[in-house]
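# Coordinate inspection notes
Here are the chains, one letter per residue:
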Amino acid sequence: MLNYHHPIFFSFFSRLLSGLCLGAALPVVADTLSSDHQRYQVQTIADGLDYPWSITFLPTGEALVTERAGQLRRLVDNQLQEAPVSGVPEVAVGGQGGLFDVIADPDFADNRRIYLSYAHGTAEGKTTRVARAQYRDGALSNLKVIFEALPRSGTSRHFGGRMAFDDGGHLYISVGDRGQKSRAQDTANDAGGVHRITIDGEPAMGNPFLFDDGARDTLFTYGNRNIQGMTRHPQTNDIWTHEHGPRGGDEVNILQSGTNYGWPAITYGIDYSGKPITDKTALPGMAQPLHYWDPSIAPSGMAFYTGEQLPGWQGDLFVGALKFQKIVRLRINDKQQVTEEEDLLADAGHRIRDIRQGPDGALWVLTDASNGKVLKITAP
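Report on the accompanying structure. (Residues numbered from 1 in each chain as written. Predicted model: local features only at pLDDT ≥ 70, side-chain atom pairs only at ≥ 80, totals over all residues. Heavy atoms only, no water.)

Moving on to empty space enclosed by the protein. As enumerated under the stated definition, the model contains 3 cavities of 30 Å³ or more in all. Estimates place the volume of the largest cavity at around 70 Å³. Together, 13 residues line the largest cavity, and Glu243, Gly249, Glu251, Trp263 and Thr267 are the ones closest to its centre. Taken together, the residues of the lining of the largest cavity sort by class into 4 nonpolar, 6 polar and 3 charged. (1 Å grid on protein atoms, 1.4 Å probe; cavity = no way out; pocket = protein on both sides within 12 Å on 5 of 7 lines; lining within 4 Å. Points joined across faces, edges and corners; volume = space filled by probe spheres on them. Nonpolar A, V, L, I, M, F, W, Y, C, P; charged D, E, K, R; others polar.)

What follows is about unusual backbone geometry. Of the consecutive residues Trp263 and Pro264, the connecting peptide bond is found in the cis state with omega at -5°. Note on placement: Pro264 falls in the loop between strand S18 (250–254) and strand S19 (291–293). A cis amide bond links Asp294 with the next residue in sequence, Pro295, at an omega value of 10°. By secondary structure assignment, the location of Pro295 is in the loop between S19 and strand S20 (299–304). Its identity is not glycine, yet Asp137 carries a phi of approximately 50°, on the positive side. Residue position: Asp137 is located in the loop between strand S10 (125–136) and strand S11 (139–148). According to the relative accessible area criterion, Asp137 is exposed, its value standing at 62%. You will see that Gln336, though not glycine, has its phi angle at about 60°, which is positive. Positionally, Gln336 belongs in the loop between strand S22 (326–332) and strand S23 (338–344). Judged by relative accessible area, which is 31%, Gln336 ranks as partly exposed. (Helix = DSSP H or I, 4+ residues; strand = E, 2+ residues; numbered from the N terminus. Buried < 20%, exposed > 50% of the residue type's maximum accessible area, 1.4 Å probe, protein only.)

In this fold, Val338 is placed in strand S23. By relative accessible area, Val338 is classed as partly exposed at 25%. It is 7.1 Å that separates the C-alpha atoms of Val338 and His291, two residues lying 47 residues apart in sequence. Once you skip the residues sitting within four places of it in the chain, Val338 turns out to touch His291, Leu330, Arg331 and Ile332. (Contact = heavy atoms within 4.5 Å.)

In structure tokens:
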């Protein structure tokens, strides 16, 4: 005879009743896990996403998630809505191209604006674009393209596409070298660097090449191979990035105006063929990374943790990894030196595409798969 008072049955029926009352599928919560400084749990909020790329949180309580195939999805009350957001711009999907980042305007509560980065194609080739639109109730309106990297290229890789706002309301946009190494050292084109613009698409005042006729006036940095993570430091307000190296040489950098980060003249990696790209890891006038990985972890997504829910991780930097299927936690001291490095979720089998801190103080994670998931890391 079944013992319905047994803890297993009690737990099962309690969860079932809770799910029925909510009218939604139950989230899946894993066992409590331990790290060097924090115990935590991983909860599955949603699945069935088509290679999700980015997540942003709105003051309305909604979250928006991009899918690389070109759809923008909604999470309402932690439930994935079946209908995608309407009004998304046309996206060039293929290779590494697609719909990339989504971020909300710092003044979203007043202007309802969001920003999308994506690959765009014409007969002249493909490039990275950024569009601004107003979002309301599952629809975009007043779409305006505010940035387009030129010249276009026939390649379908290294689009960059990460974005962040500084504390002055300027928008930073990464553009990869498009698989054409020499473009990263050429300030007369838009590839291989980070651009800094106003919300209307104009070059930001104070940009380092603003009055240089031989350089792009939106450029903020150059010599960047393919930046796939970008976030603002919660105390210094500096913009931090990480970028993919080739075989080895993935880097974490702090953006400094007008700085040359060296690609491909210097690198800690080698070509995918195994041949050297250069014998130099340092040259005068080129910045050294704050931290690098060899072999490559294929980093993607990054966030500083400032919440109260996971106090053992206060101030730490979290970096997702595609190739090594994990999250890397970095502890950084006041001298901007990495003092600890720890792997999280290394046995879960998830390619991590994005990681953000949510308004609830949890860490939110996207997995890179045809059945992509939205995960939430919380205290047990």
